Each structure stands twice: as structure tokens, then as C-alpha cells.
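A structural walkthrough
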Amino acid sequence: MRATVIHAPHDIRVEEVPDAAIQRPEDAVVRVLRACICGSDLWAYRGEAARKPGQRIGHEFLGIVEETGSAVTDLRAGDLVVAPFMWSDGTCEYCAEGLFTSCEHGGFWGSVGHDGGQGEAVRVPHADGTLVKLPAEAVSDDHLLTALLALSDVMGTGHHAALGAGVREGSTVAVVGDGAVGLCGVLAAKRLGAERIIALGRHTVRTDIAKLFGATDVVAERGEAAEAAVRELLGGRGAHAVIEAVGTEQSMRTAVNITRDGGAIGYVGVPHGSGTGLDLGVMFDRNITLRGGVAPVRAYIPELLKDVLSGVIDPAPVFDRTVSLDEVPNGYRAMDDRSALKVMIKP
């Protein structure tokens, strides 16, 4: 089969690799209908996250179950399914607590020895605990499939950030980061009943999506100017809830400085220097709470799925470019130079 591999920074290729195949009784093989490129994939693409030459890449996909192992009981060939960005057994103590990302038998797609999502098919370990069935009729609805693909990562991650930030009915929210996760954070905050949502971003195409998703205000400045602008909008006090969806020193510093005393930050940006943006003394004095981390997306898919199917939320607009599998290297270049927000792949 064909799949995307990374050989070195900026060296993404689509190559022939061994076919996805059942290796353990708990496995399933899924033929990929939709996949995508994540902002976190760019850290590897840019050489800022280590990968072995020839390693698979990609962790967001949905598709059709082609084959199941003898121990798989909840799925059968022909089922349409979505995969969260990590696999999990669904039975360990952490999974029972809803923290699927800490599963004792879990792992990431594209890790050494495992298939990545950006290919023709994927071997799914612990299929019963990992995959979520989707309505069969969705396979013929292109827009719905696109929205459902967001459940594999960005919609659930934005929701995790909103929960970490304590978004609730009537709260004020600020979102640092105008990537797909930040935009889904806006959508999640709106879904949870936020009264005012301030999106920080300077790219009009992206902030237009933020407005579509429920942002009431946009702040295009950065750094101290952004902090001042947010505080001015909120009477000098900052936001009850702040979503940090970037992971850099500047983004975290901004997040701390625009949080209202007694407020909370939900952080989901993969950390790349963000720790240096934290001042625990400031956070202590102002009673600011920090919650977040790797989103246990598998825990959130069922409730978010209901709202996607009913039309309450529609994260599909975060995908602004579609490529074939052969065009994946171009998709990486487009996201790296910010000419694309989030690239969808149709193998």
C-alpha cells in the first residue's frame, strides 16, 4: 500500500510500504477515506521533533473497517469509523477514568513500527477500545465526512481546552492561537455557553472562521499590545477562561496576562518553550489555574458526535484545502507557509 513517511526535515514522501494487516486478535484494518495534516505534524516537518528516517506520519483519519481480529466484538467489516489520535484498550484503569491518552497499552499513530493515518490503510491496535462507529449513511455525505474527521483530533482538543479553562454559561473567553485547534476552541466555547469570545489572530481568513464559530471580537495585535487590547475589551480585568492553543513562550505569556484574577487557562498547544512563559508567582498571586495537556479525545467523541450529526456544531470549515495522497508533500508545504489552515487528504 502507499503511505506518507518522513525521511528528514522538509522531506515528506509517499512511498510503497507493507500492507496494513492483522497482527494481534484485538486488531482491525481500516481503509482510510479521509485523513489530514495536523499543526503538530509540522514540528517534525520542521525538524523540531525527532523522527526516524522512513517513519510513518499522520494521526487523524476515518474510514471503513476492512478486517477484524478474532477478539474484536464491537466492529465488523464495512463499518464506518473514526479514530482518535491515539489508540487505547478502553479497559485499563486510566481508560475507565476517561484518560485514554494515558492508557497502559496505548500509543500514537505513526510511532515506530506502527502505521500512520496518512496512508491507504491503517492497522488499528485495540480496535474495540479505540474506534468509534459512525452512521453508515455519512459515507455519501462529503461535508458531513469532513466535519466528522475533525473529531479525530482538533474538535476534541479544542473541547478539552475549553473544559480546562472552565468555560461555562455566561463566561468570557479568550483564545490564543488561530490554527485549527484554536478555532475549534472557539466553537467549543460557544457550545458550552460562553457569552463573549475573543479570538486572537491576524489572518483574516482564519478570524472570519472564528467569527463563524462564535467569536464576538477579534484582536489582531500580538504580545503586550494584544494583552492591552483584550483587557480593554473586558474592562481591564481579563477573561474568565483562556484557551492556549500554540505552545510557545509568547503564547503562554499572553495567556497568563489576559486571564482574569481567579480565572483559568486551558492549554493544549504542544509545548515548545511555553514553560518559560509561566510565572508561578504571578499565577499564585492572582489565583490563576492551569489545566490541560494531551486531549483524551476518545472520551469526547460520543457527545461531540451527537452535536455534529444534529447540526449543533460544524467544524468542517477548518479544512480549507484538499489533496490526494500523492499531493501530501504539497499539503505540508502549504501548512508550513500558512497558505493553508488545515489540509484534508483523500486517499
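Within every chain, residues take consecutive numbers counted from 1 along the sequence as written. Only residues with pLDDT of at least 70 are given local features in this predicted model, and only at 80 or more are side-chain atom pairs given and counted; all residues enter the totals for whole chains, interfaces and linings. Side-chain numbers come from the whole structure's heavy atoms, not from hydrogens or water.

1. Some details on the packing of aromatic side chains
Pairing of aromatic side chains here covers Phe, Tyr and the six-membered ring of Trp, requires ring centres within 6.5 Å, and sorts the geometry by plane angle: under 30 degrees stacked, over 60 edge-to-face, intermediate tilted. Using the criterion set out here, one finds four aromatic pairs in the structure. Taken together, a centroid distance of 5.3 Å and an interplanar angle of 35° make the contact between Tyr45 and Tyr332 tilted. Linking Tyr45 in helix H1 (residues 41-45) with Tyr332 in helix H12 (residues 328-336), this pair joins segments that are 287 residues apart in sequence. Accessibility assignment for this pair places Tyr45 and Tyr332 in one class, buried. Strands here are runs of E lasting at least two residues and helices are runs of H or I lasting at least four, both read from the DSSP assignment and numbered beginning at the N terminus. Summary of the burial criterion: residues with accessible area below 20% of their type's maximum are buried, those above 50% are exposed, and those between are partly exposed, where the area comes from a 1.4 Å probe applied to protein chains only.

2. Observations concerning the nonpolar core
Residues Leu62, Leu148, Met155 and Val173 are the most contacted members of the largest nonpolar core, which totals 58 residues. No other element matches the eight residues that helix H6 (residues 180-191) contributes to this core. In this text, buried Ala, Val, Leu, Ile, Met, Phe, Trp, Tyr and Cys residues form a nonpolar core when linked through side-chain atoms within 4.5 Å. With 32 residues, the next largest nonpolar core counts Ala35, Val81, Val122 and Met335 among its residues.

3. What to know about the sheet that holds strand S1 (residues 2-8)
In this description, strands pair whenever DSSP reports at least two bridges between them. One open sheet holds the three strands; their spatial order is S2-S1-S4, and the pairing between them is antiparallel. Strand pairing shows two members of the sheet lacking a second neighbour, strand S2 (11-16) and strand S4 (55-56), which therefore form its edges. As paired strands, S1 and S2 are joined by six bridges and run antiparallel to one another. Across the sheet, residue Val5 finds its bridge partner in S2, namely Arg13. On top of the sheet, H12 reaches S1 and S2; it is set at about 160° to S2, its chief contact. By definition, residues are in contact when any of their heavy atoms lie within 4.5 Å. Every axis corresponds to a line fitted to the C-alpha atoms, with the helix fit spanning only the stretch in contact, and the corresponding angles, defined between N-to-C directions, vary from 0 to 180 degrees.

4. Overview of unusual backbone geometry
Positive phi values are uncommon outside glycine, yet His10 reaches one of about 65°. Tracing the sequence through the fold places His10 in the loop between S1 and S2. Even without being glycine, Arg338 reaches a positive phi, approximately 65°. You can see Arg338 is positioned in the loop between H12 and strand S18 (343-346).

5. Description of the pattern of salt bridges
Any Lys or Arg side-chain nitrogen located within 4 Å of an Asp or Glu carboxyl oxygen qualifies as a salt bridge. Scanning all chains against the criterion turns up 19 salt bridges. One salt bridge connects Glu15 with Arg13, and the closest N-O pair in it is separated by 3.7 Å. For Arg13, a relative accessible area of 37% puts it in the partly exposed group. Two residues, Glu249 and Arg253, come together in a salt bridge whose shortest N-O distance is 2.6 Å. One end of the pair, Glu249, and the other, Arg253, are both in helix H9 (residues 249-257), four residues apart, so they sit about a helical turn from each other. Several salt bridges share partner residues, and in doing so they unite Arg2, Glu120 and Asp326 into one network.

6. Thoughts on the sheet that holds strand S16 (residues 289-292)
In any sheet, the strands associate via hydrogen bonds between backbone groups, in a parallel or an antiparallel arrangement. Here we have six strands laid out as an open sheet, ordered S13-S12-S11-S14-S15-S16, and parallel in their pairing. Edge positions in the sheet fall to strand S13 (217-219) and S16, since each of these pairs with one other strand and no more. Put simply, the sheet's adjacent strands are angled 20° from each other on average, direction ignored. Here strand S15 (residues 259-267) runs beside S16; their pairing, made up of four bridges, is parallel. Across the sheet, Tyr267 pairs through a bridge with Gly292, a residue of S16.

7. Describing the environment of Glu195
Along the chain, Glu195 turns up in the loop between H6 and strand S12 (196-200). Glu195 sits 39 residues away from Leu234 along the chain, and the two C-alpha atoms are 12 Å apart. Apart from residues lying up to four places away in sequence, Glu195 is in contact with Gly170, Ser171 and Thr216.

8. Points about the pairing of S12
Extensive coverage of S12 is indicated by the burial of four of its five residues. Note: strand S11 (residues 172-176) against S12, five bridges, orientation parallel. Paired with Val175 across the strands is Ala199, a residue of S12. Think of it like this: strands point away, you trace from the first strand over the helix to the second, and a clockwise trace means the crossover is right-handed. As for the winding sense of the linkage, the β-α-β connection from S11 through H6 to S12 is right-handed. Sheet topology places S12 next to S13; three bridges connect them, and they run parallel. Along S13, the bridge assignment pairs Ala199 with Val218.

9. Section: the packing of helix H8 (residues 223-233) against H9
Orientation of H8 relative to H9, taken along the N-to-C sense of each, is 25°, at an axis distance of 10 Å. By the criterion of interaxial angle, the relationship of H8 to H9 is roughly parallel. For the pair H8 and H9, the sense of crossing is right-handed. On H9, the residues that touch Gly223, Glu227 and Arg231 of H8 are Gln250, Arg253, Thr254 and Asn257. When residues are sorted by character, Ala, Val, Leu, Ile, Met, Phe, Trp, Tyr, Cys and Pro go into the nonpolar class, Asp, Glu, Lys and Arg into the charged class, and all the rest, Gly among them, into the polar class. The residue makeup of the contact of H8 with H9, split by class, is no nonpolar, four polar and three charged. Oblique is the label for every angle not falling under 35 degrees (roughly parallel), over 145 degrees (roughly antiparallel), or within 65 to 115 degrees (roughly perpendicular). Helix crossings fall into two classes, left-handed where the near helix is turned counterclockwise from the far one by less than a right angle and right-handed where it is turned clockwise.

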